[in-house]
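Next come the chains, spelled out residue by residue.
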Amino acid sequence: MTTDAAMLALGEDLAEVETDKYLIFLSGGIYYGVDTKYVKEMLTQWETSITWLPMLPPDIRGVMNLRGGIVPIVDFRLMTGCMPEDKFCTVILDMEGTQIGIMVDEVDQTIDIQKNHILPVPHQSDMTAQKMVTGMYSLPGGKKTLMVLDCTQLLYGHQ
């Protein structure tokens, strides 16, 4: 095979690899990722003014007014069984016109992940966090594991 033919074949193989872009955030010492197609924006804690409402589950911290729309805010640490922190940022997710904000410790980066590199999660228990995680991915360097979140479970997990 000539060099040009080898390069063309390599390019065709690379073109067939399906990837999705994920926003990586840290919460409770664990790396999580959400598909960026659901990420509307990120706000610092100083940009987030949360109004507390009574009679909601403890992990729902309240609602915020985001340019005239009311968005429920969930404390991801409480949702996963960790204690809340004073320092946080809020990731606003939009799933088919329905928005939810999740309070996380910090936003790390965005990366492209090959779909076939996401591994299934071993079943351990019926924990809330386990229900939200649809897969695992070893981050570059191999020392950190990313838990891939199902955004619909974040939205509908309280029903």
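Reference entry: report on the structure contained in this document. (Residues numbered from 1 in each chain as written. Predicted model: local features only at pLDDT ≥ 70, side-chain atom pairs only at ≥ 80, totals over all residues. Heavy atoms only, no water.)

## Quick notes on the pairing of strand S1 (residues 19-27)
Sheet analysis places S1 next to strand S8 (residues 106-114), joined by 8 bridges and oriented antiparallel. What sits directly across from Ile 24, in S8, is Gln 109. The pairing of S1 with strand S2 (residues 30-35) spans 6 bridges and is classified as antiparallel. Bridge assignment links Ile 24 to a residue of S2, and that residue is Gly 33. (Pairing = 2+ DSSP bridges. Helix = DSSP H or I, 4+ residues; strand = E, 2+ residues; numbered from the N terminus.)

## With respect to unusual backbone geometry
Phi at Met 55 takes a positive value of approximately 65 degrees, unusual for a residue other than glycine. Take Met 55: it is sitting in the loop between strand S3 (39-44) and strand S4 (60-66). Unusually for a residue other than glycine, Arg 67 sits at a positive phi of about 50 degrees. Turning to its location among the elements, Arg 67 is positioned in the loop between S4 and strand S5 (69-75).

## Some thoughts on the sheet that holds S4
If you trace the 5 strands from one edge of the open sheet to the other, you get S3-S6-S7-S5-S4, paired in mixed fashion. Either end of the sheet is taken by a strand with one partner, and the two such strands are S3 and S4. Going across the sheet, the axis of each strand differs from the next one's by a mean of 25 degrees, ignoring polarity. Bridge count for S5 against strand S7 (residues 98-104) is 3 bridges, and the pairing is parallel. Across the sheet, the residue bridging to Val 74 is Ile 102, located in S7. (Axes fitted to C-alpha atoms, helices over the stretch in contact; angles between N-to-C directions.)

## Focus: the nonpolar core
Phe 25, Phe 76, Leu 93, Ile 102, Leu 149 and Leu 154 are the most contacted members of the largest nonpolar core, which has 22 residues in total. The set of elements that each furnish at least two residues to this core consists of S1, S2, helix H2 (76-79), strand S6 (89-95), S7, strand S10 (145-149) and helix H4 (151-156). For this core, the leading source of residues is S6, giving 4 residues. (Core = buried A, V, L, I, M, F, W, Y, C linked by side-chain atoms within 4.5 Å. Buried < 20%, exposed > 50% of the residue type's maximum accessible area, 1.4 Å probe, protein only.)

## Regarding the packing of aromatic side chains
Taken as a whole and judged by the stated rule, the model has 3 aromatic pairs. An angle of 90 degrees between the planes, with centres 5.4 Å apart, marks the rings of Phe 25 and Phe 76 as edge-to-face. Of the two residues, Phe 25 is situated in strand S1 and Phe 76 in helix H2; the sequence distance between them amounts to 51 residues. For the pair Phe 25 and Phe 76, a shared accessibility class is recorded, and that class is buried. With 4.8 Å between their ring centres and 80 degrees between their planes, Tyr 32 and Phe 76 make a pair best called edge-to-face. Of this pair, Tyr 32 sits in strand S2 while Phe 76 sits in helix H2, and the two are 44 residues apart along the sequence. One exposure class covers both Tyr 32 and Phe 76, and it is buried. Here a set of aromatic residues connected by ring pairs shows up, and it is made of Phe 25, Tyr 32 and Phe 76. (Phe/Tyr/Trp six-rings, centres within 6.5 Å; stacked < 30°, edge-to-face > 60°.)

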